[in-house]
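An overview of the molecular structure
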Amino acid sequence: MIRSDAPVLLEIRDLRASVEDQPILKGVSLTIRAGEIHAVMGRNGSGKSTLSKVLAGHPAYRVTGGSVLYRGEDLLALQPEQRARIGLFLGFQYPIEIPGVSNLEFLRVATNARRQEQGSEELDTFAFEDLVRERLQVVQMDPAFLDRSVNEGFSGGEKKRNEILQMALLEPLVAILDETDSGLDIDALRIVAGGVNQLASADNATLLITHYQRLLDVITPDYVHVMAAGRILRTGGKELALELEESGYDWVDAEIERLESTSAQRITAEVG
Amino acid sequence: MTSAATVGDLVSQPYKYGFVTDIETEKIAKGLSEDVVRLISAKKDEPAFLLDFRLRAYRQWLQMEEPDWAAIGHPPIDYQNIIYYAAPKQQDKKASLDEVDPKLLETFEKLGIPLSEQKRLTNVAVDAVFDSVSIATTYKEKLAEHGVIFCSISEAVKEHAELIERYLGSVVPSNDNYFAALNSAVFSDGSFVFIPKGVACPMDLSTYFRINSGDTGQFERTLIVAEAGASVSYLEGCTAPMFDTNQLHAAVVELVTLEDASIKYSTVQNWYAGDEKGVGGIYNFVTKRGQCRGDRSHISWTQVETGSAITWKYPSCVLQGADSVGEFYSVALTNNRQQADTGSKMIHVGPRTRSTIVSKGISAGHSSNSYRGLVQMGPKAVGARNYSQCDSMLIGDQAAANTYPYIRSQQPDASIEHEASTCRISADQLFYLQSRGIGFEEAVSMMVSGFCRDVFNQLPMEFAAEADKLLALKLEGSVG
Ligand SMILES: Nc1ncnc2c1ncn2[C@@H]1O[C@H](COP(=O)(O)OP(=O)(O)OP(=O)(O)O)[C@@H](O)[C@H]1O
Ligand SMILES: [Mg+2]
């Protein structure tokens with residue numbers, strides 16, 4: 001839902017980031033307002049997950065330029081845990097297994113960290129159990145998963161559901177879902193997408209990273225962005241995704257070549 | 001960017017218990033000789049049998065060599081440069097706590113062990129040992145009503161000489177090993193516990209060891225005897241100030257259970273570990289052994305080892321009685337330059353004896369952490385069983401973990417099962433927890449306590465939470 005007067009939640013400007021001195025993000029700009037659903041598509045290796053991890057604060061990535069404002073605040077100055085507490089959520093493409101740490105306990109600590117930031121009271125074990133049972137319905141997940149270690153031995157699809165369960169508990173303002181649809185069977189895809197729709201509201205925003213139109217059939221994006229070689233190459237409405245489905249990414253190469261050569265020329269000009 | 005700043009700040013987190021109590025101490029001259037052994041015995045006004053025990057041990061020690069098989073390294077220890085007896089200056093042990101030097105009471109209070117009547121821990125009786133002597137034991141009278149003896153070993157030598165003569169050195173003979181021989185020659189104080197037939201000790205017992213002097217060795221001796229059908233849960237804690245020299249701690253603990261008796265012995269060891277560069281810290285060479293003499297008796301060791309520059313320690317069970325049970329649950333954490341070589345020995349003698357070993361080693365920084373364990377099935381151990389599980393967790397990429405399981409079986413009808421695993425806390429796991437709003441330190445401690453859960457579950461409740469906090473504190477700044 002696009003409303004031009006809705007508050008800006010996330011403002012990414014010319015964001016650049018490297019891993020081990022290798023530039024990956026080469027100037028990403030993106031504005032996300034409350035109520036909006038954005039989809040980011042693009043070839044494997046184009047930098048989609050990197051963008052999501054830089055936003056969440058992964059220590060492996062070094063920001064080399066640009067800025068990110070989260071509700072007007074400098075997001076990049078915050079520790080990852082603080083970003084989460086103020087309402088940024090990253091649904092991982094590859095959720096991590098944490099042996100020995102109970103899923104239930106993990107969810108409770110995480111939920112309370114967010115609640116504390118919001119000024120809500122801490123939930124004890126009993127109150128939390130009630131809440132978690134209610135939220136389990138969003139993803140139609142078996143309560144047995146609560147008693148296991150975080151993601152340990154979960155199937156690919158189960159891990160993705162666990163991500164959405166976390167999102168349902170944390171009630172983020174900006175949710176970045178990195179390929180939450182991949183690895184899901186047809187029923188699970190419908191359930192997970194239904195969950196995401198259910199959680200979306202006029203006050204929050206969702207950034208979906210996906211390769212497939214079938215997700216966007218269920219969750220209708222307001223904007224579709226195409227990422228290539230660490231940039232957002234094109235932005236359009238939901239029809240852009242359909243176009244990509246049809247014609248693929250071949251056109252991207254020429255465009256990238258043009259961009260890289262102009263920037264090379266610019267650099268030569270600046271140096272010379 | 002994320003954690004670098006916090007890591008830096010937290011590495012310099014000081015050891016909480018590193019203070020020195022300024023108190024007048026009576027010390028004897030440095031060095032060890034037969035005269036020194038006689039002097040210690042004379043100072044303690046000991047009966048002849050004990051002086052003989054000490055002298056025999058001393059002569060045995062002279063013939064022995066420091067063991068070199070453990071995976072530890074340290075400069076040679078100069079045994080002539082150690083003081084073998086130091087005691088806070090006050091007359092004989094005080095009849096009442098009111099007469100104990102307030103500085104000593106204050107010290108223990110600062111360590112979280114209040115001794116005075118009003119403040120002392122409810123439901124735990126404490127024997128407080130400061131340098132070489134026991135300064136106070138709480139709840140003695142209450143325990144006496146049940147026939148339980150809980151006092152310092154020096155006191156027991158005088159008041160219960162026949163028990164001491166019967167049991168001292170009966171589990172760990174004075175020539176058992178180099179450090180046990182040294183301890184037998186010069187041991188200063190420690191605790192004695194006797195639970196008479198059929199009595200379940202009405203409260204937990206605990207000894208708190210505090211080293212205060214910088215140049216003194218601590219050689220305490222603990223003896224716990226549970227008669228037929230008796231049971232007790234005992235907890236040992238220890239801390240020391242920070243000195244840039246190394247101090248030697250060589251203790252001996254002996255446990256005896258008769259038929260159907262059980263002893264649960266828990267340790268939370270937090271001696272000063274030295275600084276990040278490995279300067280200073282306690283050398284902890286300890287011999288702990290329990291003997292299940294009676295049928296169906298039970299000895300359980302639980303240890304949380306977080307301190308000391310060097311830990312050399314193998315709490316063991318000799319399972320003589322038929323159907324007796326031995327257990328060893330251990331968490332050993334090393335950080336910075338600490339070295340630990342620890343594990344257990346389960347010696348199955350009697351039929352259908354059972355033992356369990358669960359060892360969790362956590363190594364961070366540049367430390368080295370080895371599990372070394374022996375499971376032995378003697379010829380009569382028909383139907384005996386052992387299960388061992390040794391897990392290592394590595395934090396960072398400079399730490400080392402090793403496992404040395406030794407198995408000897410002379411009984412084909414005995415079963416031995418051994419499992420081992422190694423894992424590493426990865427930056428991605430920490431980031432995952434952080435990205436859910438969980439702080440860096442809490443994330444580490446969640447993972448570590450998850451790893452240690454099987455062992456913490458064995459600790460008395462109030463100490464399990466302590467142990468959790470202690471590990472978190474020790475690990476602050478070690479992941480990055
Ligand atoms: N930690 C890292 N170390 C080395 N290279 C990395 C790292 N993270 C990302 N890269 C590289 O950066 C580029 C972008 O990776 P990224 O994971 O962002 O792609 P993606 O668009 O999410 O791809 P996919 O569609 O396959 O998920 C790739 O070439 C990848 O190999
Ligand atoms: Mg990706």
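Residues numbered from 1 in each chain as written. Chains lettered and ligands numbered in written order. Predicted model: local features only at pLDDT ≥ 70, side-chain atom pairs only at ≥ 80, totals over all residues. Heavy atoms only, no water.

**Concerning the overall build of chain A**
Tallying secondary structure elements over chain A gives 9 helices and 12 strands in all. Here the C-alpha radius of gyration of chain A, 19 Å, is about what a compact globule of 272 residues would show, namely 19 Å. Once the C-alpha set of chain A is aligned to its principal axes, its extents read approximately 70 × 40 × 40 Å. Looking at the 272 residues of chain A, the share that counts as buried comes to 54%. Pairs at least 24 apart in sequence give 71% of the contacts found in chain A among residues at least 6 apart. Carbon and sulfur atoms make up 47% of the accessible area of chain A, which totals about 12,300 Å². Across chain A, the centroid of the 28 positively charged side chains sits 3 Å from that of the 42 negatively charged ones. (Helix = DSSP H or I, 4+ residues; strand = E, 2+ residues; numbered from the N terminus. Rg over C-alpha atoms; globule rule 2.2 N^0.38 Å. Buried < 20%, exposed > 50% of the residue type's maximum accessible area, 1.4 Å probe, protein only. Contact = heavy atoms within 4.5 Å. Areas by Shrake-Rupley, 256 points an atom, 1.4 Å probe, with all protein chains shown as cover. Lys, Arg positive; Asp, Glu negative; His and termini not counted. Charge placed at Lys NZ, Arg CZ, Asp CG, Glu CD.)

**Here we look at the overall build of chain B**
Looking only at helices and strands, one finds 11 helices and 24 strands in chain B. Looking at chain B residue by residue over its 480 residues, the buried ones come to 61%. For chain B, the share of sequence-separated contacts (at least 6 apart) that also reach a separation of at least 24 residues comes to 83%.

**Digging into the coordination of the magnesium ion (ligand 2)**
Residues and elements named next belong to chain A. Protein-derived coordination of the magnesium ion (ligand 2) comes from Ser49 (OG) and Gln93 (OE1), at a distance range of 2.0 to 2.2 Å. Pair noted here: Ser49 is in helix H1 (residues 48–56) and Gln93 is in the loop between strand S6 (88–91) and strand S7 (98–102), with a separation of 44 residues, a long-range link. In terms of burial, Ser49 and Gln93 fall into one category: buried. (Donors = N, O, S within 2.8 Å, 3.2 Å for Na, K, Ca; no water.)

**A few points about the sheet that holds strand S9 (residues 174–178) of chain A**
All names here are of chain A. Pairing in this open sheet of 6 strands is mixed, and the strands run S6-S9-S10-S3-S11-S12 from one edge to the other. Two strands in the sheet have a free side with no partner beyond their single neighbour: S6 and strand S12 (231–236). In this sheet, adjacent strand axes meet at a mean angle of 20° when their direction is disregarded. Inspection of the sheet shows strand S11 (residues 223–228) paired to S12 by 5 bridges, in the antiparallel sense. The residue of S12 that forms the bridge with His225 is Thr235. Across the sheet, H1 touches strand S3 (37–42), S6, S9, strand S10 (205–209) and S11, and the angle it forms with S6 is around 145°. (Pairing = 2+ DSSP bridges. Axes fitted to C-alpha atoms, helices over the stretch in contact; angles between N-to-C directions.)

**Here we look at the nonpolar core**
Grouped together as the largest cluster of nonpolar side chains are 114 residues, with contacts concentrated most on Leu15(A) and Ile362(B). A total of 10 residues in this core trace back to one element, the largest contributor, which is helix H10 (residues 440–456) of chain B. Every residue in contact with Leu15(A), bar those within four places of it in the chain, is listed here: Leu25(A), Lys26(A), Gly27(A), Val28(A), Leu51(A), Val54(A), Leu55(A), Val63(A), Gly65(A), Gly66(A), Val68(A) and Leu76(A). Counting residues in each nonpolar core, the second largest holds 49 residues, with Tyr85(B), Ala87(B), Ala250(B) and Tyr283(B) among its members. (Core = buried A, V, L, I, M, F, W, Y, C linked by side-chain atoms within 4.5 Å.)

**Considering the interface of chain B and chain A**
With 20 residues of chain B in contact, the opposing surface of chain A contributes 33 residues. Here chain B and chain A share an interface that buries about 2,200 Å² over both sides, 64% of which is from carbon and sulfur atoms. Inspection of the chain B/chain A interface yields 1 salt bridge. The closest approach of N and O atoms between Glu163(A) and Arg436(B), which form a salt bridge, is 2.7 Å. Sorting the residues of the side of chain B that touches chain A by element identifies helix H9 (427–434) and H10 of chain B as the ones contributing at least two each. Broken down by class, the residue content of the side of chain B that touches chain A amounts to 8 nonpolar, 8 polar and 4 charged. (Buried area = accessible area lost by both parts, 1.4 Å probe. Salt bridge = Lys/Arg side-chain N within 4 Å of Asp/Glu carboxyl O. Nonpolar A, V, L, I, M, F, W, Y, C, P; charged D, E, K, R; others polar.)

**Details of the sheet that holds strand S2 (residues 22–33) of chain A**
All names here are of chain A. Here we have 4 strands laid out as an open sheet, ordered S2-S1-S4-S5, and antiparallel in their pairing. Strand pairing shows two members of the sheet lacking a second neighbour, S2 and strand S5 (73–74), which therefore form its edges. As judged from the 2 bridges shared by strand S4 (residues 62–70) and S5, these two strands associate in the antiparallel manner. Looking at S5, one finds that Tyr70 is bridged to Glu73. Along the sheet, H1 contacts strand S1 (8–19), S2 and S4; its crossing angle with S1, the most-contacted strand, is approximately 110°.

**A word on the site of ligand 1**
Residue and element names in this part refer to chain A. Near ligand 1, the surroundings consist of 14 residues, among which Gly45, Lys48, Ser49, Thr50 and Tyr61 are the closest. The contact in question runs from an oxygen atom of ligand 1 to an N or O atom on the side chain of Thr50, over 2.5 Å. A distance of 2.9 Å separates an oxygen atom of ligand 1 from a polar side-chain atom of His211. For ligand 1, whose unbound accessible area comes to 630 Å², protein coverage reaches 64%. In the shell around ligand 1, the residues fall into 3 nonpolar, 8 polar and 3 charged. (Near = heavy atom within 4 Å. Polar contact = N/O pair within 3.5 Å; in protein donor to acceptor, adjacent residues only side chain to side chain.)

**Quick notes on the pattern of salt bridges**
Within this structure, the stated rule accounts for 27 salt bridges over all chains. The salt bridge involving Arg289(B) is made with Asp176(B); its shortest N-O contact spans 2.8 Å. Within this pair, whereas Arg289(B) is found in strand S13 (residues 281–292), its partner Asp176(B) is found in the loop between helix H7 (161–167) and helix H8 (178–186), the two being separated by 113 residues in sequence. With relative accessibility at 29%, the residue Asp176(B) sits in the partly exposed group. Among the ionic contacts, a cluster of salt bridges with common partners joins Arg43(A), Asp250(A) and Asp253(A).

**Thoughts on the environment of Asp323(B)**
All names here are of chain B. You can see Asp323 is positioned in the loop between strand S16 (316–319) and strand S17 (325–334). Residue classification places Asp323 among the partly exposed positions, given a relative accessible area of 25%. Considered as a pair, Asp323 and Leu143 are 180 residues apart in the sequence and their alpha carbons are 30 Å apart. Setting aside residues up to four positions removed in sequence, Asp323 forms contacts with Arg296, Pro351, Arg352, Thr353 and Arg354.

**Re H9(B)**
The buried fraction of H9(B) amounts to 6 of the 8 residues, a majority that puts the element mostly inside the structure. For H9(B), the full list of buried residues reads Gln429(B), Leu430(B), Phe431(B), Tyr432(B), Leu433(B) and Gln434(B).

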